[in-house]
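Residue-level structural notes
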Amino acid sequence: MITIVTDSTSYFTKNEAKALGVRMVPLTYTVSSHLFNENFVDQNGNFERLISKYPTRCTTSQASITAFMSVFEELMRKGDDVFCITMSSRLSGTYSSASIAAKEVNKEKIIVVDSLTVAGGLNLLIKYVRKLASRGYSLNELASRIEAKRNDVGILFSVDSMDALRRSGRLGIVRQSVGTILNIKPILMCKDGMIVSHGTARGRGEQVRKLVEMLPDDIKRVYIQQMSTKVNIEGMILGIKKRFPQVEIMRSGIGPVIGIHLGPGAVGISWIS
């Protein structure tokens, strides 16, 4: 049996993870010197209020080597093979933690893959892993297929303010001049595992319209995620349905780790083609 292991930025609900046979290893975050584990997306409590209260006193940490080792060792005792896929190595050291843990526990029965994505993109890619695993693919076959398929996964997102991203140090090659003055909303993209600029929009209406317009023509599934209710998600869903009548649309919130880096008012669309 192949068990999928991932990190908490995949943002599954507890029931979704159980149904897919996915084990989650938490990242951690600190708010005003208090340490928390990021949990399943439906079990993080009212973290938005907490991080909104202390926006400059929030930090995040990668999933630890020992946390991955604990899960890997448990699965080895059960006799499982493990396919581990993590958030982009260009955004976090979590992939490195998982790789070191796999070598320590059992490098023959554990494969670790860098998703080069995060959040909804990682979520969609994991569902594709489970689909292939159910067809009998081996660990090595899965790794080859996923390393090719990750090029078909994308994320477009926008934020209310660039302040949280600037504090996070994860802006990649985004121009430091990109701002949110005069109601200008940046359109950003996760490309090759990094955050890059993909344009701007004036106001929330154009923000929603541009996010929908920038989706590629060959998408199959879409995952909408938001932090807070500032963005008109229903309008976004209607726009997607109008342009892509056959596309499957899913939606959920954003967890605290990504939320700290994006700030209140963030919204993103992930897809797989």
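Just so it is clear, the structure is predicted and the values come from calculations on it, not from any experiment.

The next point concerns the packing of helix α5 (residues 119–133) against helix α6 (residues 139–149). Interhelical geometry of α5 versus α6 gives an angle of 145 degrees and a closest axis separation of 11 Å. Along this stretch, α5 crosses α6, giving a crossing that reads as right-handed. Contacts between α5 and α6 pair Leu 125, Tyr 128, Val 129, Leu 132 and Ala 133 from the former with Leu 142, Arg 145, Ile 146 and Lys 149 from the latter. Its residues assigned to classes, the contact of α5 with α6 comprises seven nonpolar, no polar and two charged.

This part covers the side chain of Asp 80. Among the secondary structure elements, Asp 80 is positioned in the loop between α3 (65–78) and β6 (81–86). It turns out Asp 80 is buried and unbridged, and the closest side chain with the opposite charge, Lys 78, is 4.1 Å from it. A polar atom in the side chain of Asp 80 sits 2.8 Å from the side chain of Thr 3. Other than its neighbours up to four places away in sequence, Asp 80 contacts Met 1, Thr 3, Leu 75 and Lys 109.

Right, let's get into the pairing of strand β13 (residues 267–272). With six of six residues buried, β13 lies mostly within the body of the structure. Here β13 shows no split at all, with Val 267, Ile 269 and Trp 271 on one side and Gly 268, Ser 270 and Ile 272 on the other all buried. Summarising the sheet, strand β11 (residues 221–226) and β13 pair through six bridges and their orientation is antiparallel. Looking at the pairing, Ile 224 lines up with Ile 269 of β13.

Okay, the nonpolar core next. Counting 70 residues, the largest nonpolar core has Val 5, Phe 68, Phe 72, Phe 83 and Ile 146 as the members making the most contacts within it. Looking at which element gives the most residues to this core, the answer is α5, with nine residues. The contact partners of Phe 83, leaving out residues within four places of it in the chain, are Ile 2, Thr 3, Ile 4, Val 5, Ile 111, Val 113, Val 129, Leu 139, Leu 142, Ala 143 and Ile 146. Listed in part, the 21 residues of the second largest apolar core include Leu 156, Leu 211, Val 247 and Val 267.

Below, the discussion takes up the packing of aromatic side chains. Applying the stated rule across the entire model yields two aromatic pairs. With a centroid separation of 5.2 Å and 20 degrees between ring planes, the pair formed by Tyr 29 and Phe 36 is classed as stacked. Assessed through its relative accessible area of 5%, Tyr 29 is described here as buried. Since its relative accessible area comes to 29%, Phe 36 is described here as partly exposed. Between the aromatic rings of Phe 68 and Phe 72, the centroid separation amounts to 5.8 Å while the plane-to-plane angle is 35 degrees, which identifies the pairing as tilted. Of this pair, Phe 68 and Phe 72 both sit in helix α3, four residues apart, which is roughly one turn of that helix. By relative accessible area, which is 0% here, Phe 68 ends up buried. The side chain of Lys 149 reaches across the aromatic face of Tyr 128, ending 5.1 Å from its centre.

The rules behind these values
Residues numbered from 1 in each chain as written. Predicted model: local features only at pLDDT ≥ 70, side-chain atom pairs only at ≥ 80, totals over all residues. Heavy atoms only, no water. Axes fitted to C-alpha atoms, helices over the stretch in contact; angles between N-to-C directions. Helix = DSSP H or I, 4+ residues; strand = E, 2+ residues; numbered from the N terminus. Left-handed = near helix turned anticlockwise from the far one by under 90°. Contact = heavy atoms within 4.5 Å. Nonpolar A, V, L, I, M, F, W, Y, C, P; charged D, E, K, R; others polar. Buried < 20%, exposed > 50% of the residue type's maximum accessible area, 1.4 Å probe, protein only. Lys, Arg positive; Asp, Glu negative; His and termini not counted. Salt bridge = Lys/Arg side-chain N within 4 Å of Asp/Glu carboxyl O. Polar contact = N/O pair within 3.5 Å; in protein donor to acceptor, adjacent residues only side chain to side chain. Pairing = 2+ DSSP bridges. Core = buried A, V, L, I, M, F, W, Y, C linked by side-chain atoms within 4.5 Å. Phe/Tyr/Trp six-rings, centres within 6.5 Å; stacked < 30°, edge-to-face > 60°. Lys NZ or Arg CZ within 6 Å of the ring centre and 35° of its normal.

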